[in-house]
Amino acid sequence: MRIVLTDIQGGEYEPEDITEITLDESSDAVCSALSLRCAPVKNNADLHKIRAYDGKRLIFNGFVDLTRESFTKGGSELYIYARSSASLLLDNEAFAYTFRNPTAVSLFNAYARELGFEHNLPEVSCEALYEVQKGSSCFGAVNSFVRLITGKSLYVTPENVLKPLESDGKSVDGDMLDCVSEVRTTDRSDALSLIKYKREQGEKDYSVNACALVSEELKLNRRKYINLGLTPEWQRDFTVLDTLKRSFEKYKTLELTVEGFAEYGLMTEFSYTVSGVRERYLLYAKRYTFSGDGEKTRLRLARKTDLKEIVYVD
């Protein structure tokens, strides 16, 4: 991995004596994060940007949030923490506005274009009102709309392109990986058996139930109450269904550690045999590390859970 640092004057540096690199990417986080330990750069430069390359391919493009120089009798060290360029969209607040019949592109033009981003967004729209509330981020203003229409979240590529986070359709045979370690986890803490919600403003009771049939098989008994009385009608069903789906996303996870830098993108589909059963997983997070122990990539995979059917009962 090659690292290039840029200071506020535009000067570029390739850090020397790198002792540690960590690169984190996750579908749960808007920004990727990179941390670095190396020798201090010359001229006490005020660092501004950082890029990372795998060969000639740009894999990280971001802004330096923090630098810390340490000096001891044993020598000196520079620590850098940076977030990807998506931090611009996350840190800047969106102006509050109610859009009539918006499209994904019109929202992008309103909130992201002026910050220097490009897009590869789906041609989606709605013939209704869409409200961007005060306190929303520029990323949230666009992402929430696209997710409401398509069910897919957005992410920002290292080239500053805003696009849907989705599988490329290819499948990786995880059984062929040369794994250093494997960790299997079952986490029942988030999975919901029932959502009770109010459909109309002024309703006294949470009169509508929604449940995933798989929850009966898994012996779950965890309910959630949602007041959708002030939510636009076209958003209500999605909100309930999305809440149920998200609660099962990390029910079964698999963590595989492999040598070197793994090039798989987020949401890549994996097939892997667990206890003799071939199962499908999606890559939702990965961490690359370089240190005295060598180069490793930790892949975090979530098993696809079949909810069987969503049942609504008044």
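Predicted, not measured: the structure shown is a model, and the values here were computed from it.

Parameters and conventions
- Residues numbered from 1 in each chain as written.
- Predicted model: local features only at pLDDT ≥ 70, side-chain atom pairs only at ≥ 80, totals over all residues.
- Heavy atoms only, no water.
- Helix = DSSP H or I, 4+ residues; strand = E, 2+ residues; numbered from the N terminus.
- Buried < 20%, exposed > 50% of the residue type's maximum accessible area, 1.4 Å probe, protein only.
- Areas by Shrake-Rupley, 256 points an atom, 1.4 Å probe, with all protein chains shown as cover.
- Lys, Arg positive; Asp, Glu negative; His and termini not counted.
- Charge placed at Lys NZ, Arg CZ, Asp CG, Glu CD.
- Core = buried A, V, L, I, M, F, W, Y, C linked by side-chain atoms within 4.5 Å.
- Contact = heavy atoms within 4.5 Å.
- Pairing = 2+ DSSP bridges.
- Axes fitted to C-alpha atoms, helices over the stretch in contact; angles between N-to-C directions.
- Phe/Tyr/Trp six-rings, centres within 6.5 Å; stacked < 30°, edge-to-face > 60°.
- Expected span 1.5 Å × (residues − 1).
- Parallel < 35°, antiparallel > 145°, perpendicular 65-115°, else oblique.
- Nonpolar A, V, L, I, M, F, W, Y, C, P; charged D, E, K, R; others polar.
- Salt bridge = Lys/Arg side-chain N within 4 Å of Asp/Glu carboxyl O.

Participant: Give a description of the overall build of the protein that names residues and reports values.
Facilitator: When helices and strands are tallied, the protein shows five helices and 22 strands. Principal axes of the C-alpha set define a box for the protein whose edges measure 70 × 55 × 35 Å. Relative to its full complement of 314 residues, the protein shows a buried share of 43%. Per element, the accessible surface of the protein, about 17100 Å² overall, is 44% carbon and sulfur. One way to put it: in the protein the 42 positive side-chain charges average out to a point 4 Å from where the 49 negative ones average out.

Participant: Now, about the nonpolar core: what can you tell me, with residues and values included?
Facilitator: Judged by nonpolar contacts, the single largest core of 27 residues is most densely connected at Leu89, Tyr111, Val142 and Leu162. Contributions of two or more residues to this core are made by helix 2 (104–111), strand 10 (129–132), helix 3 (138–150) and strand 11 (154–156). Ranked by residues supplied to this core, first place goes to helix 3 with seven residues. Among all residues touching Tyr111, those that are not within four sequence positions of it are Leu89, Ala94, Phe95, Tyr97, Phe99, Val132, Cys138, Ala141 and Val142. Leu23, Leu36, Val41 and Ile80 belong to the second largest nonpolar core, which has 20 residues in total.

Participant: An account of the sheet that holds strand 15 (residues 194–198) is requested, with residue identities and associated values reported.
Facilitator: Here four strands make up an open sheet; going across it, the order is 17-15-16-22 and the pairing mixed. One side of each edge strand has no neighbouring strand; the edge strands of this open sheet are strand 17 (223–227) and strand 22 (310–313). Between one strand and the next, the sheet's axes are offset by a mean angle of 20°, whatever the strand orientation. In the sheet, strand 15 pairs with strand 17 via five bridges, with the strands oriented parallel.

Participant: Tell me about the packing of aromatic side chains, and please be specific about residues and values.
Facilitator: What characterises a pair of aromatic rings is the spacing of the ring centres plus the angle enclosed by the ring planes. Applying the stated criterion across every chain, the model contains nine aromatic pairs. Judged by centre distance (5.1 Å) and plane angle (80°), the ring pair of Tyr206 and Tyr225 falls under edge-to-face. Highlighted residues: Tyr206 in the loop between strand 15 and strand 16 (208–212) and Tyr225 in strand 17, separated in sequence by 19 residues. Classification of Tyr225 as partly exposed rests on a relative accessible area of 44%. Aromatic side chains Phe261 and Tyr288 sit 5.4 Å apart centroid to centroid with 75° between the ring planes, which places their arrangement in the edge-to-face category. Within this pair, whereas Phe261 is found in the loop between strand 18 (252–259) and strand 19 (269–274), its partner Tyr288 is found in strand 20 (residues 277–291), the two being separated by 27 residues in sequence. When its relative accessible area of 3% is taken as the criterion, Tyr288 is described as buried.

Participant: Report on helix 5 (residues 233–247), specifying residues and quantitative values.
Facilitator: Across its 15 residues, helix 5 extends 22 Å between first and last C-alpha, which sits within 8% of the 21 Å expected from 1.5 Å per residue. Buried within helix 5 are the following residues: Gln235, Arg236, Phe238, Val240, Asp242, Thr243, Leu244 and Ser247. Where the residues of helix 5 are buried, they touch strand 10, helix 3, strand 15, strand 16, strand 17 and strand 22.

Participant: Can you explain helix 3? Please cite residues and give values.
Facilitator: Helix length check: helix 3, at 13 residues, gives a terminal C-alpha distance of 19 Å against a target of 18 Å (1.5 Å per residue), a fit within 8%. Extensive coverage of helix 3 is indicated by the burial of 10 of its 13 residues. When helix 3 is considered as a whole, its buried residues turn out to be Cys138, Phe139, Gly140, Ala141, Val142, Asn143, Phe145, Val146, Arg147 and Leu148. Of the surrounding elements, those touching the buried residues of helix 3 are helix 1 (87–91), helix 2, strand 10, strand 11, strand 12 (161–164) and helix 5. A positive phi of about 80° marks Gly151, the residue just after helix 3.

Participant: Now, about the side chain of Thr257: what can you tell me, with residues and values included?
Facilitator: Along the chain, the position of Thr257 falls in strand 18. Judged by its relative accessible area of 10%, Thr257 is buried. If we skip the residues at most four places from it in the chain, Thr257 touches Asp178, Cys179, Val180, Ser181, Lys296, Thr297 and Arg298.

Participant: An account of the packing of helix 3 against helix 5 is requested, with residue identities and associated values reported.
Facilitator: In the contact formed by helix 3 and helix 5, the axes pass within 9 Å of each other and the chain directions differ by 90°. Viewed along their axes, helix 3 and helix 5 adopt a mutual orientation that is roughly perpendicular. Along the contact surface, helix 3 presents Phe145, Arg147, Leu148 and Ile149, while helix 5 presents Trp234, Gln235, Phe238, Asp242 and Arg246. For the contact of helix 3 with helix 5, a count of residues per class yields five nonpolar, one polar and three charged.

Participant: Go over the pattern of salt bridges, please, and point to the residues and values.
Facilitator: Here the structure, examined in full by the defined rule, presents 22 salt bridges. The closest approach of N and O atoms between Asp91 and Arg83, which form a salt bridge, is 2.6 Å. Residue Arg246 is joined to Asp242 by a salt bridge in which the shortest nitrogen-to-oxygen separation is 3.0 Å. Pair noted here: Arg246 and Asp242 are both in helix 5, with a separation of four residues, about one helical turn. Accessibility expressed as a relative area gives 41% for Arg246, which makes it partly exposed. Note on Asp242: relative accessible area 13%, which makes it buried.

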